[in-house]
Amino acid sequence: MLQEEEGALAKPPQASFVGQSHPDRSGTAKEAEDHEDDRSFFGSSVNLNQGAWYDDSPKPEEDSNANNMPPRNKTRPRGWIEIAIVGFFICLLLISKFSDTLRSHIRYGSILSIISCSAVVVMYSMDFQSRRHPAPMIYWRSICDLFLSVAILLSSEGLITSCKDFSWFVQFTFVAAESWWLMISIDLWQSVTNPFTNYKRNLKIYHSYVWLVAALTAALLFAGVGRCSGRFAPGVCWLRLSPWGRRDWACGAGYFFGWAAAYVLVAAAAFARARAALARHG
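The structure displayed is predicted, hence computed values, not measured ones. Sequence order sets the numbering: in each chain, residues are counted from 1 along the sequence as written. Owing to the predicted nature of the model, reporting of local features is limited to residues with pLDDT of at least 70; listing and counting of side-chain atom pairs is limited to 80 or more, with chain, interface and lining totals taken over all residues. Excluded from the side-chain calculations are hydrogens and water; all other atoms, namely the structure's heavy atoms, are used.

Visitor: Would you mind going over the UniProt feature "transmembrane region" (unreviewed entry) in the protein with me for this structure?
Guide: UniProt positions are given in the numbering used here, feature names are shortened, and annotations may be inferred rather than shown by experiment. With numbering matched to this structure, UniProt assigns "transmembrane region" (unreviewed entry) to residues 79-99, 105-126, 138-156, 168-189, 209-233 and 253-272. Secondary structure follows DSSP: runs of H or I at least 4 residues long count as helices, runs of E at least 2 residues long count as strands, and numbering of each begins at the N terminus. Segment residues 138-156 splits into 100% helix and 0% strand. End C-alpha atoms: 26 Å apart. Within residues 209-233, the helical portion is 56% and the strand portion 20%, while the C-alpha atoms at the span's ends are 29 Å from each other.

Visitor: Is there a simple way to think about the packing of aromatic side chains in this case?
Guide: Each aromatic ring pair is summarised here by two numbers: the centre-to-centre distance and the angle between the ring planes. Each Phe, Tyr or Trp ring, with Trp reduced to its six-membered ring, pairs with another whose centre is within 6.5 Å; inter-plane angles below 30 degrees give stacked pairs, above 60 give edge-to-face pairs, and intermediate values give tilted ones. In total, this model carries 16 aromatic pairs according to the counting rule given. A ring pair is formed by Tyr 139 and Trp 140, whose centres lie 5.6 Å apart and whose planes are at 75 degrees; its orientation type is edge-to-face. Judged by centre distance (6.3 Å) and plane angle (75 degrees), the rings of Trp 180 and Trp 211 are edge-to-face. A residue pair is termed long-range when its members are at least 10 positions apart, and Trp 180 in helix H6 (residues 167-193) and Trp 211 in helix H7 (residues 199-222) qualify at 31 residues. Ring pairs connect the aromatic residues Phe 174, Phe 232, Trp 238, Phe 256, Phe 257, Trp 259 and Tyr 263, which therefore count as one cluster. A ring is considered to have a charge above it if a Lys NZ or an Arg CZ atom is located within 6 Å of its centre and within 35 degrees of its normal. Above the ring of Tyr 124, the side-chain terminus of Arg 131 is found at 5.5 Å from the ring centroid.

Visitor: Looking at this structure, I do not really get the confidence of the model for the protein. What am I missing?
Guide: The predicted coordinates should not be examined in detail at positions where pLDDT is low. On average, residues of the protein carry a pLDDT of 75, and 65% of them reach 70 or more. Here strand E2 (residues 52-54) is the element of the protein with the lowest mean pLDDT, 41, and H7 is the one with the highest, 94. The pLDDT score gives, residue by residue, the confidence of the prediction method on a 0 to 100 scale. The contact definition used throughout considers only heavy atoms, calling two residues in contact when any of these lie within 4.5 Å. Across residues 35-76, where pLDDT falls below 50, the model places 30 contacts with residues more than four positions away in sequence or in other chains.

Visitor: Sorry, what's going on with the nonpolar core here?
Guide: The nonpolar side chains of soluble globular proteins are, as a tendency, buried together. Ranked by internal contacts, the top residues of the largest apolar core, which has 30 residues, are Trp 180, Met 183 and Leu 239. Listed by contribution, the elements that provide at least two residues to this core are helix H5 (135-156), H6, H7, strand E4 (236-239) and helix H8 (246-281). If one sorts the elements of this core by residue count, H6 sits on top with 8 residues. Trp 180 has contacts with Met 137, Trp 140, Arg 141, Cys 144, Leu 203, Tyr 206, His 207, Val 210 and Trp 211, leaving out every residue within four places of it along the chain. By convention a nonpolar core is built from buried Ala, Val, Leu, Ile, Met, Phe, Trp, Tyr and Cys residues, the set being connected through side-chain atoms within 4.5 Å. Three exposure classes are used, based on accessible area relative to the maximum for each residue type with a 1.4 Å probe and protein chains only: buried under 20%, partly exposed in between, and exposed over 50%. Counting residues in each nonpolar core, the second largest holds 5 residues, with Val 121, Tyr 124, Ala 135 and Tyr 139 among its members.

Visitor: Whenever I open this one, the side chain of Gln 171 confuses me. Can you help?
Guide: Its location among the elements puts Gln 171 in helix H6. A relative accessible area of 0% places Gln 171 in the buried class.

Right under this line is the structure:
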């Protein structure tokens, strides 16, 4: 008798699971009632076989229109834009062959430049894949060339009355465009020699240099330093370099030839260093 009582005391109490029949209840009705009480308490059912929670409540229907939405077009536009641009180029080149004046060549050259730069801007705006490095620098170079071509076209058509008040804009856009060409050369050298360079930080430096130098030279020309503003060619307002004289040489060296020669030398050195780095690692 004592052994049976000790064995009964040694047995651990049995755990009561959800849905298990209670000793004082019998029948499936009471089991279902217990299960319903537990369900209302926990808010969801318990899977006793898997030992995990699961929600068997009805789920809202998915929006059928969400799957029918057309995918966003991130591919480049079709080739009809390129075909139209090439057609314009051919037509203008044929027309320019029949022109025998400098003003006509300036006019058609400006129109060709406007078309080509506009094509670059449109492609950059429509094609998401074309915005990779170094496309932003080419984009800003095209923007500057576009405004420069428009300015020269307006000047050649006689729509500009005062060259002194307009020469600074030509200087600004011209220096900015060529400065972006220099930044592209320097960026090529940095990308080859240091592939892990911070491109976003470098782009901010490029922007600071380009706009600062362009604004400085344009401000000096607008302020009348050297009294160099005037007609560069028939119908083109920029620098007064004709007839050639001592002051004309100083204006040309200060506002054009000086920085242009420096840009060519720096770009040539950057290309040479980049080529040497490729040959060394190749």
